[in-house]
Amino acid sequence: MIGLDRNTVNSVDDIQKKRKIKKILLTVLLTAVWYSSAFIKALLTKYILNRFGYPLTLVMNKFLAISIYLVPILYLSKLKFNCFSKYYIFRFVLPISVLLVISTSLGYVALWKVTVSYQQIIRATQPIFTVVLIRILFHTVYRVRVYLSLIPIVVGVSIATFNESSFNLVGMLCGVAATSMISIENILNKKVMKDAKVHSFQLQAYLIWFSTLLYLPFWFTIDGLQFINNPEVSDFCMLRMK
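In this text the structure is predicted, and so the values were computed from the model without any measurement.

**Focus on the overall build of the protein**
Looking only at helices and strands, one finds 9 helices and 0 strands in the protein. Its helices and strands taken in sequence order, the protein reads α-α-α-α-α-α-α-α-α from the N to the C terminus. Expressed as a percentage of the 242 residues in the protein, the buried residues total 34%. Carbon and sulfur atoms make up 70% of the accessible area of the protein, which totals about 15,800 Å².

In structure tokens form, the structure reads like this:
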């Protein structure tokens, strides 16, 4: 019986180790896919901005496209779509949507002004903002090694900034501001998903739909009226894209 129990314990340990390895490999794979797709998206966005300009219009197109694509994704995922209470709508969803609008706009302006490589370097400062903000908002105390691990990021970003040949102050400030806001978004998103017990797809759907509604009048005032009152502007932009 003792030998049988030991074999059972060993088999259970082996299963747990295999599951842990699978989770690690899956995390590495998802991280690689996410980073690769983000870099490719940045390259394509930079190309479009250089040829087209008008980053705010590009942001509007992004919000509209995601709003449309989310409908079939949510339908195919067959998730139970729970409605948020007014408390979560006004306390979290709307503020996060405002942050999403501002951070996306600033991020596109930053990418318009600086190189893709430098924009990605600025994005690398996100762990710094995340640690600092969690410390301020939730009074979480980290170990010293966590703070020490942030030093190479600070040093690397500083060296890259001093050596950046096409440095643009506006682009850098917009990039830093966008990165800090993204960190706040991620922290609040995780809190909402945990407290309200909703799937990330559902939360993202609410955020992108609210962001689209919030951004539409702003875009129409800045770029939309310009396209309407000056049709030659949109024609010129389309010619540059060809």
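**Thoughts on the nonpolar core**
In this structure, Phe63, Phe84, Val192 and Tyr215 are the most contacted members of the largest nonpolar core, which totals 35 residues. For this core, the elements supplying multiple residues, two or more each, are α1 (2-52), α2 (55-77), α3 (86-113), α7 (169-196) and α8 (200-229). For this core, the leading source of residues is α3, giving 10 residues. The residues contacting Phe84, other than those within four sequence positions of it, are Ile89, Val93, Val192, Ala196, Val198, Gln202, Leu203 and Tyr206.

**Digging into a positive patch on the surface**
Residues Lys18, Arg19, Lys22 and Lys23 make up a contiguous surface patch of positive charge. When you line up the elements, Lys18 lands in helix α1.

**Considering the packing of α3 against α7**
Packing of α3 against α7 brings their axes to within 8 Å, and their N-to-C directions diverge by 150°. One way to sum up the angle between α3 and α7 is to call them roughly antiparallel. Every pair of crossing elements has a handedness; the one defined by α3 and α7 is left-handed.

**Quick look at the packing of helix α4 (residues 116-123) against α7**
When two helices pack together, their arrangement is given by the angle between the helix axes and by the axis-to-axis distance. One way to put it is that α4 packs onto α7 with a least axis distance of 9 Å and a crossing angle of 40°. Judged on the interaxial angle alone, α7 and α4 are oblique. Helix-helix and strand crossings are classified by hand; for α4 and α7 the assignment is right-handed. Contacts between α4 and α7 involve Tyr118, Ile122 and Arg123 on the former and, on the latter, Gly171, Met172, Gly175, Val176, Thr179 and Ile182. Class assignment of the residues belonging to the contact of α4 with α7 gives a composition of 5 nonpolar, 3 polar and 1 charged.

**Describing α8**
With 30 residues, α8 ought to run about 44 Å at 1.5 Å a step, and its terminal C-alpha atoms sit 40 Å apart, in line with that. Of all the bends in α8, the greatest, near 55°, is centred on Phe220.

Cut-offs applied
- Residues numbered from 1 in each chain as written.
- Predicted model: local features only at pLDDT ≥ 70, side-chain atom pairs only at ≥ 80, totals over all residues.
- Heavy atoms only, no water.
- Helix = DSSP H or I, 4+ residues; strand = E, 2+ residues; numbered from the N terminus.
- Buried < 20%, exposed > 50% of the residue type's maximum accessible area, 1.4 Å probe, protein only.
- Areas by Shrake-Rupley, 256 points an atom, 1.4 Å probe, with all protein chains shown as cover.
- Core = buried A, V, L, I, M, F, W, Y, C linked by side-chain atoms within 4.5 Å.
- Contact = heavy atoms within 4.5 Å.
- Patch = residues over 30% accessible without salt bridge, like charges linked within 9 Å, V, L, I, M, F, W, Y side chains within 5 Å.
- Salt bridge = Lys/Arg side-chain N within 4 Å of Asp/Glu carboxyl O.
- Lys, Arg positive; Asp, Glu negative; His and termini not counted.
- Charge placed at Lys NZ, Arg CZ, Asp CG, Glu CD.
- Axes fitted to C-alpha atoms, helices over the stretch in contact; angles between N-to-C directions.
- Parallel < 35°, antiparallel > 145°, perpendicular 65-115°, else oblique.
- Left-handed = near helix turned anticlockwise from the far one by under 90°.
- Nonpolar A, V, L, I, M, F, W, Y, C, P; charged D, E, K, R; others polar.
- Expected span 1.5 Å × (residues − 1).
- Bend = angle between axes of the 7 residues up to and from the residue.

That is the geometry; function is a separate question.
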